[in-house]
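# Fold and geometry: a report
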Amino acid sequence: MRNFPGNEAVRPAVQAVARRMGPYAAMWIVLAVGGLLVVGLAALAAEIYESVVETDGMAGVDEPLLAWAVDRRTPELSAGVTAFTDLGGTVGMPVLAVLVIAVLSRISRSWRPLILIAVAALGSLAMTVVGKNVIGRSRPDLADAVPPYESSPSFPSGHTLNTTAILAVIAYLCCLEIDVLLGRLALIAACSLFVVLMGLSRVFLGHHWFTDVAAAWALGLAWAALVVLAHRVFHTVRRVRRDQRAAAVGTNGPGWEA
């Protein structure tokens, strides 16, 4: 695994903490710091949810944005946006995930892409199902939507949540294999644009309210951050242990790893 810029600079500090407190203590420190980010993102999602059940706040933009989208639809544009939004559906996103897993697993000689992308997908799917069943928010009227119509509850947007979580983890995995900073930034920008457009496509087609999409962005990013955090903790602890073993008995040969 290639390191992010700055990893080597902080490595002595990590080793010092590990020597004094042990690898598990170091793991809890990383979890505490990273947990602040996840809690912050989760709090943002909670604020968005609160606005859904109020008449003011962020929910006040739902109907105006839908009306704006309806006024700008054309048959050609609607067909194009529908084709794009299908990439984030139950067929398009699994196919994309499998292709990325195959390529990254081959490049990295690691089970890491399979494990992390699968965890991201399963977690985002679970959040989507639970959120829809618990909140049960109605979608926009069919008269304002573009077929094919969807009948499941509206909050949160499953397309957006799943795409956000999976693409964020894919971006992280790809950055582990890219040495050039500009390449990493370009990849992150491309994934971010895809996620933003996916969410906006759901609003444009009248399949979701904007607050459904905004909550899905926050929840998906929070889940992806937790998945990445878990991997960084695992990797740090494993590296410290490997270094300790190497100092005592020598290094291990190459192989596939998590």
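A few points on the structure. (Residues numbered from 1 in each chain as written. Predicted model: local features only at pLDDT ≥ 70, side-chain atom pairs only at ≥ 80, totals over all residues. Heavy atoms only, no water.)

### Things to note about the nonpolar core
To keep it simple, the criterion reads: For the purposes of this section, nonpolar cores are sets of buried Ala, Val, Leu, Ile, Met, Phe, Trp, Tyr and Cys residues that join through side-chain atoms within 4.5 Å. For the exposure calls, accessible area comes from a 1.4 Å probe over protein chains only, and a residue counts as buried if that area is under 20% of its type's maximum, exposed if over 50%, partly exposed in between. Strands here are runs of E lasting at least two residues and helices are runs of H or I lasting at least four, both read from the DSSP assignment and numbered beginning at the N terminus. Contact definition: two residues touch when any of their heavy atoms are within 4.5 Å.
Counting 26 residues, the largest nonpolar core has Leu116, Ile117, Leu167, Val169, Ile170, Tyr172 and Leu173 as the members making the most contacts within it. Contributions of two or more residues to this core are made by helix H4 (92-108), helix H5 (112-135), helix H6 (158-177), helix H7 (181-204) and helix H8 (210-249). With ten residues, H6 is the largest single contributor of residues to this core. Non-local contacts of Leu167, meaning those with residues more than four positions away in its chain, are made with Met93, Leu96, Cys191, Phe194 and Val195.

### Topic: empty space enclosed by the protein
Just so we agree on the cut-off: Here the term cavity refers to a set of points on a 1 Å grid, laid over the protein atoms alone, in which a 1.4 Å probe fits but cannot get out; the term pocket refers to an open set having protein on both sides within 12 Å along at least five of seven lines, with lining residues being those that place an atom within 4 Å of a point. Grid points are joined across faces, edges and corners, and a volume is the space filled by probe spheres set on the points. Just so you know the grouping, Ala, Val, Leu, Ile, Met, Phe, Trp, Tyr, Cys and Pro go in nonpolar, Asp, Glu, Lys and Arg go in charged, and all remaining residues, Gly too, go in polar.
Under the definition given, this model contains one cavity of 30 Å³ or more. When its volume is computed, the largest cavity comes out at roughly 30 Å³. Leu104, Ser108, Arg112, Pro113, Leu173 and Glu177 together form the lining of the largest cavity. Taken together, the residues of the lining of the largest cavity break down into three nonpolar, one polar and two charged.

### Here we look at the environment of Ala189
Here Ala189 is to be found in helix H7. Since its relative accessible area comes to 46%, Ala189 is described here as partly exposed. Put simply, Ala189 and Ala171 are 18 residues apart on the chain and 9.4 Å apart in space, counted from C-alpha to C-alpha.

### What to know about the layout of surface pockets
A water-sized probe rolled over the atoms picks out the places where empty space is left. As a volume, the second largest pocket reaches approximately 440 Å³. If you trace the second largest pocket, you find 26 residues lining it, with Gly88, Gly89, Thr90, Leu125 and Asn162 closest to the centre. Every element with two or more residues in the lining of the second largest pocket is listed here: H4, H5 and H6. Each residue belonging to the lining of the second largest pocket can be placed in one class, and the counts come to twelve nonpolar, ten polar and four charged.

### Considering the environment of Pro75
Along the chain, Pro75 falls in helix H3 (residues 75-85). A relative accessible area of 66% means that Pro75 is categorised as exposed.

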